[in-house]
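# Structural overview for review
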Amino acid sequence: MLNAFLKEVNPQALSRFVVKGSWTRVGGDDPIGAYSIEDTAVLGAGYPYASGPLSFVNNASPTAFDVKPQFITSVEFNLGLGFFKDRLTLDVNAFQNDTKDLITFQTTSSASGINFKRINVGQIRSRGIEIELGATPIKTSDFRWDLRASYYADTQEVLELPDGQDEVALYSAGNVGIYAIKGEKYPVIKGTGYIRDPQGRIVIDQATGDPLYSNKFIELGNANPKYVLTFNTNLKYKNWGLYASMDFRTGHKLC
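My aim in this report is to walk through the structure given alongside it, one point at a time.

Rules behind the numbers
- Residues numbered from 1 in each chain as written.
- Predicted model: local features only at pLDDT ≥ 70, side-chain atom pairs only at ≥ 80, totals over all residues.
- Heavy atoms only, no water.
- Salt bridge = Lys/Arg side-chain N within 4 Å of Asp/Glu carboxyl O.
- Helix = DSSP H or I, 4+ residues; strand = E, 2+ residues; numbered from the N terminus.
- Buried < 20%, exposed > 50% of the residue type's maximum accessible area, 1.4 Å probe, protein only.
- Core = buried A, V, L, I, M, F, W, Y, C linked by side-chain atoms within 4.5 Å.
- Contact = heavy atoms within 4.5 Å.
- Pairing = 2+ DSSP bridges.
- Axes fitted to C-alpha atoms, helices over the stretch in contact; angles between N-to-C directions.
- Phe/Tyr/Trp six-rings, centres within 6.5 Å; stacked < 30°, edge-to-face > 60°.
- Lys NZ or Arg CZ within 6 Å of the ring centre and 35° of its normal.
- Patch = residues over 30% accessible without salt bridge, like charges linked within 9 Å, V, L, I, M, F, W, Y side chains within 5 Å.
- Areas by Shrake-Rupley, 256 points an atom, 1.4 Å probe, with all protein chains shown as cover.

### Details of the pattern of salt bridges
For the structure shown, the criterion picks out eight salt bridges. R16 serves as the salt-bridge partner of D86, at 3.9 Å between the closest nitrogen and oxygen. On the criterion of sequence distance, the pair formed by D86 in the loop between β4 (70-83) and β5 (88-107) and R16 in strand β1 (residues 14-28) is long-range, its members being 70 residues apart. A relative accessible area of 34% places D86 in the partly exposed class. Using a relative accessible area of 24% as the deciding quantity, one classes R16 as partly exposed.

### Digging into the nonpolar core
General note: in soluble globular proteins, nonpolar side chains tend to be found buried as a group. If you look at the biggest cluster of nonpolar residues, it comprises 11 residues: A64, L102, I119, V121, I124, V158, L161, V168, L170, A180 and Y186. Sorting the residues of this core by element identifies β6 (116-139) and β8 (167-173) as the ones contributing at least two each. For this core, the element with the highest residue contribution is β6, accounting for three residues. Among residues more than four places away in sequence, those in contact with A180 are V121, V158, L161, D166, E167, V168, L170 and Y186.

### Focus: the sheet that holds strand β13 (residues 240-250)
Strand pairs in the sheet, formed through backbone hydrogen bonds, run parallel or antiparallel to each other. Read from one edge of the open sheet, seven strands run β1-β4-β5-β6-β7-β12-β13, paired in antiparallel fashion. Here the strands that pair on one side only, and so sit at the sheet edges, are β1 and β13. Averaged over all pairs of adjacent strands, the angle between strand axes in this sheet comes to 15°, irrespective of strand direction. Taken together, the 15 bridges between β6 and strand β7 (residues 143-160) define a ladder with antiparallel strand orientation.

### Some remarks on the packing of aromatic side chains
For any two aromatic rings, the description comes down to two numbers: the centre-to-centre distance and the angle of the planes. Summed over the entire model, instances satisfying the criterion amount to five aromatic pairs. Look at F95 and Y152: their rings are 6.4 Å apart centre to centre, the planes differ by 15°, and that puts the pair in the stacked class. With F95 in strand β5 and Y152 in strand β7, the pair connects residues that are 57 residues apart, well separated along the chain. On the basis of relative accessibility, which here comes to 15%, the residue F95 falls in the buried class. What links up through ring pairs into an aromatic cluster is the set Y151, Y227 and F248. Against the face of F71 rests R25, its NZ or CZ located 4.4 Å from the ring centre. Sitting over the ring of Y179, K190 keeps its end group 5.2 Å from the ring centre.

### A short note on unusual backbone geometry
The residue after Y186, namely P187, is reached through a cis peptide bond having omega -10°. Within the secondary structure layout, P187 lies in the loop between β9 (176-181) and β10 (188-194). Despite not being glycine, D101 has its phi angle at roughly 60°, a positive value. Within the secondary structure, D101 is located in strand β5. Residue classification places D101 among the buried positions, given a relative accessible area of 14%. We note that K238 has phi near 55°; this positive angle belongs to a residue other than glycine.

### Notes on a nonpolar patch on the surface
A grouping of I129, I131, Y151, L229 and F248 is seen on the molecular surface, where their side chains present a nonpolar patch of about 380 Å² in accessible area. Following the sequence through the fold, F248 ends up in strand β13. Overall, F248 belongs to the partly exposed group, its relative accessible area being 42%.

If you want it as structure tokens, here you go:
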């Protein structure tokens, strides 16, 4: 079928036809150091005195003793097309990455004397697609004009969390934090939000005029954009060139 298709296509029109696929599995232990799971001595700066001998303190950023290497299994498919001696190109890349036992930081209670702990966070699946369209409207011996436009979108979903948990706080600072929540896109921003009336309007403190906050953490959104649009243009005259680039992303929250 492929040979019949290529015979029907004008060879002057189709200048590139590439189909590629790959499967990889990579393991690693970053950011676990050589002595991360060992109880090593930690010196407290300025403790017990501002100067002079230092005393030992507890490790405020330990690593779980049962931490395991993380493995990433990737499946990728690529399609590349070029027309009219690559004056017009189309490239499509689709992928799926499964990360098992992701090594990351978990925020702990300040009462424990620990700032965070390195742990394995279940399994996360990432799926995405990238489409790039290129064009060269003008091409002479001295002058060339190239255009590139691309669309990229991916989603990361938490499939499993350790010890049967439904959510894990990966980072928390005051009234906002980053969470991994089972069955939802990763990562999720949670924090204290505005108190709203039944019609969705923000409730204002009559005395100060400031909006009122809830005392419970609610989901504020996802940190990853739904999609990213990119546009590049390159003008070249002999040894001189002018390049411009822009991108647009939306559907995400910043904290």
